[in-house]
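Take a look at the letters that make up each chain.
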Amino acid sequence: MTRLKKIHVNQLSTGMYFSGFDGAWIASPFWRASFLIRSENEIRLAQRTGQQYCWIDTARGRDIMSEDEPAPLPAAATPADDDSGDAHLADALRLYEHARQTTQEVFSQARLGKSLDVEKCKELVEQIATSVAHHADALLGIVRLKRADEYTYLHSIAVCTMMVALGRTLGLDDTACQQAGLAGYLHDIGKAFIPLDLLNKPDRLSEQEYRIIQRHPALGHAYLSGLMGVPDYVLDVCLHHHEKIDGSGYPTRQQGQQISLYARMAAVCDVYDAVTSHRPYKSAWDPAESLSRMASWQGHFDRAIFLAFVKTLGIYPLGSIVTLQSGRTALVIRQNHRDLTRPVVKAFTTSSTMEVLEYELIDLSDPEQHESIIERSGQDWLRSHGLVLESLQAMLAASDAAPVAREQARDQPGRDASTAPGWRRRK
């Protein structure tokens, strides 16, 4: 028999049977719709969603403690708990918060003309690389959670994370992956020297303003060159991440193999994060649609690296909105590295007033189910129906990227991440 009770999320404790939030299901960070709370990590994760109230089933777990009842001791984590997607998600969220604070400090120090703590940056990148190695989808999903006003420094964390994940797909060793991550982390440090009102300008840029923006690679390179301990490969990516394979990029119009490996990697990661992020002057593109558009840009990216990037994220990246054969709309929450066309999704149905009536977790690779993706729906579908994607904590998963094509790391970075066709602000 079910006995549901509505409580504040701050009243959650181990031993309670969680039965969902009193709000949009899309904000749930958990894989299961209901479950017994066994760890403090699960409680913290629920409290970080921004949801105020949730439901518990007192027939299947603890009720709210009375004032006389002693607080329960936290349940010891079992090996199964430690390996769960929720545990990985909680760890990735903590790392993300730490990275956010560190990166704010890095950009603040740069704006003031102070020296950068390179060792601190390396330590952070090492933690990110470790997280990606253990559970890539968790952190890759979380780095999509950024507000427009936080974009500049959170973009650095996102590019760093994607560079590490892409390096693993390319077959680079751990050292090379961390080098790529550090280069990605500091690639946009030059934006610390660009006026914030220009970076966040909601209107199209004038020709002069656009040229000021284009100075950020050179400004970042000059700043990093004056510091002790900054590796050459970091300087290279900082200066050349807006180069293009066909030589039409900037600042030095490098082309082809003149552009180092890490810079070619950064070009792809930089553009993808830019086009899938909300900015004051543009809405975010749907992740899957972004990859489709980027694939059509001739001469922009190194083709082999771009294909490896698609394999890293999946054909339908985390957060993509798709339509299923049944007609239901679904949100991609986990990759299936054995078949990129069959991810794990949250499928939902709605009423005529667009209230979510029910949702279902579906592994599209399961041979016993008959659903399949028939088209991409786009994030605009959710926004137009009042559903919010801000809390993508909900959609994180677990799946290790399968290594594919190898490319030697000795060349290091090089490529473009310049303003993408279709949303260039000055046009």
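Bear in mind that the values here come from a model prediction, so they are computed numbers and not experimental data.

About the thresholds
Residues numbered from 1 in each chain as written. Predicted model: local features only at pLDDT ≥ 70, side-chain atom pairs only at ≥ 80, totals over all residues. Heavy atoms only, no water. Helix = DSSP H or I, 4+ residues; strand = E, 2+ residues; numbered from the N terminus. Buried < 20%, exposed > 50% of the residue type's maximum accessible area, 1.4 Å probe, protein only. Contact = heavy atoms within 4.5 Å. Polar contact = N/O pair within 3.5 Å; in protein donor to acceptor, adjacent residues only side chain to side chain. Phe/Tyr/Trp six-rings, centres within 6.5 Å; stacked < 30°, edge-to-face > 60°. Lys NZ or Arg CZ within 6 Å of the ring centre and 35° of its normal. Core = buried A, V, L, I, M, F, W, Y, C linked by side-chain atoms within 4.5 Å. Pairing = 2+ DSSP bridges. pLDDT = per-residue confidence, 0-100.

Comments concerning the overall build of the protein chain
Part 1 of the argument: Helix and strand counts for the protein chain stand at 14 helices and nine strands.
Part 2 of the argument: Classification of the 427 residues of the protein chain by burial places 55% in the buried group.
Part 3 of the argument: The contacts in the protein chain between residues at least 6 apart in sequence include a share of 71% that link residues at least 24 apart.

Describing the side chain of Ser 156
Part 1 of the argument: Tracing the backbone through its elements, the reader meets Ser 156 in helix 5 (residues 151-169).
Part 2 of the argument: Ser 156 sits in the buried class, given a relative accessible area of 0%.
Part 3 of the argument: The contacts of Ser 156, once residues within four sequence positions are left out, are Thr 103, Phe 107, Gly 184, Tyr 185 and His 187.

A word on helix 13 (residues 303-313)
Part 1 of the argument: Taken as a whole, helix 13 has its buried residues at Ile 305, Phe 306, Ala 308, Phe 309, Val 310, Thr 312 and Leu 313.
Part 2 of the argument: Looking at where helix 13 begins, the residue whose side-chain oxygen comes 3.1 Å from the main-chain nitrogen of Ala 304 is Asp 302.
Part 3 of the argument: Just past helix 13, the residue Gly 314 takes up positive phi, approximately 95 degrees.

What to know about the packing of aromatic side chains
Part 1 of the argument: In the structure shown here, the tally under the stated rule is eight aromatic pairs.
Part 2 of the argument: Taken together, a centroid distance of 5.1 Å and an interplanar angle of 70 degrees make the contact between Phe 18 and Phe 21 edge-to-face. Just as Phe 18 is buried, Phe 21 falls in that class too.
Part 3 of the argument: Pairing Phe 301 with Phe 306 gives two aromatic rings, centres 5.9 Å apart and planes at 10 degrees, and the pair type is stacked. Accessibility assignment for this pair places Phe 301 and Phe 306 in one class, buried.
Part 4 of the argument: Aromatic rings pair up to connect Trp 285, Trp 297, Phe 301 and Phe 306 into one cluster.
Part 5 of the argument: The ring centre of Trp 285 lies 4.0 Å from the NZ or CZ of Arg 293, which sits over that ring.

Here we look at the nonpolar core
Part 1 of the argument: Counting residues in each nonpolar core, the largest one holds 76 residues, and the members touching the most others are Tyr 185, Leu 224, Tyr 262, Met 265 and Phe 309.
Part 2 of the argument: With residues near it in sequence (within four places) discarded, Leu 224 still touches Leu 116, Leu 186, Ile 189, Val 230, Val 234, Leu 235 and Cys 238.
Part 3 of the argument: If you look at the next biggest cluster of nonpolar residues, it comprises 12 residues, including Val 9, Phe 18, Phe 21 and Ile 43.

Considerations on the sheet that holds strand 2 (residues 17-21)
Backbone hydrogen bonds hold the strands of a sheet together, and the pairing may be parallel or antiparallel.
Part 1 of the argument: Pairing is antiparallel across the open sheet formed by four strands, whose spatial order is 1-4-2-3. Whereas interior strands pair on both sides, the edge strands pair on one side only; in this sheet they are strand 1 (4-8) and strand 3 (35-36).
Part 2 of the argument: Sheet topology note: the strand 2/strand 3 ladder contains two bridges and is antiparallel. By the bridge assignment, Tyr 17 is partnered in strand 3 with Leu 36.

Regarding the confidence of the model for the protein chain
Part 1 of the argument: Chain-level statistics for the protein chain give a pLDDT mean of 78 and a share of 76% at 70 or above.
Part 2 of the argument: Across the protein chain, element-level confidence peaks in helix 10 (residues 232-240) with a mean pLDDT of 98 and bottoms out in helix 2 (residues 79-82) with 35.
Part 3 of the argument: Between residues 67-84, whose pLDDT stays under 50, and residues either more than four places distant or in other chains, the model counts 21 contacts.
Part 4 of the argument: Low pLDDT, under 50, characterises residues 379-427; the stretch is placed with 199 contacts to residues that sit more than four places away or in other chains.

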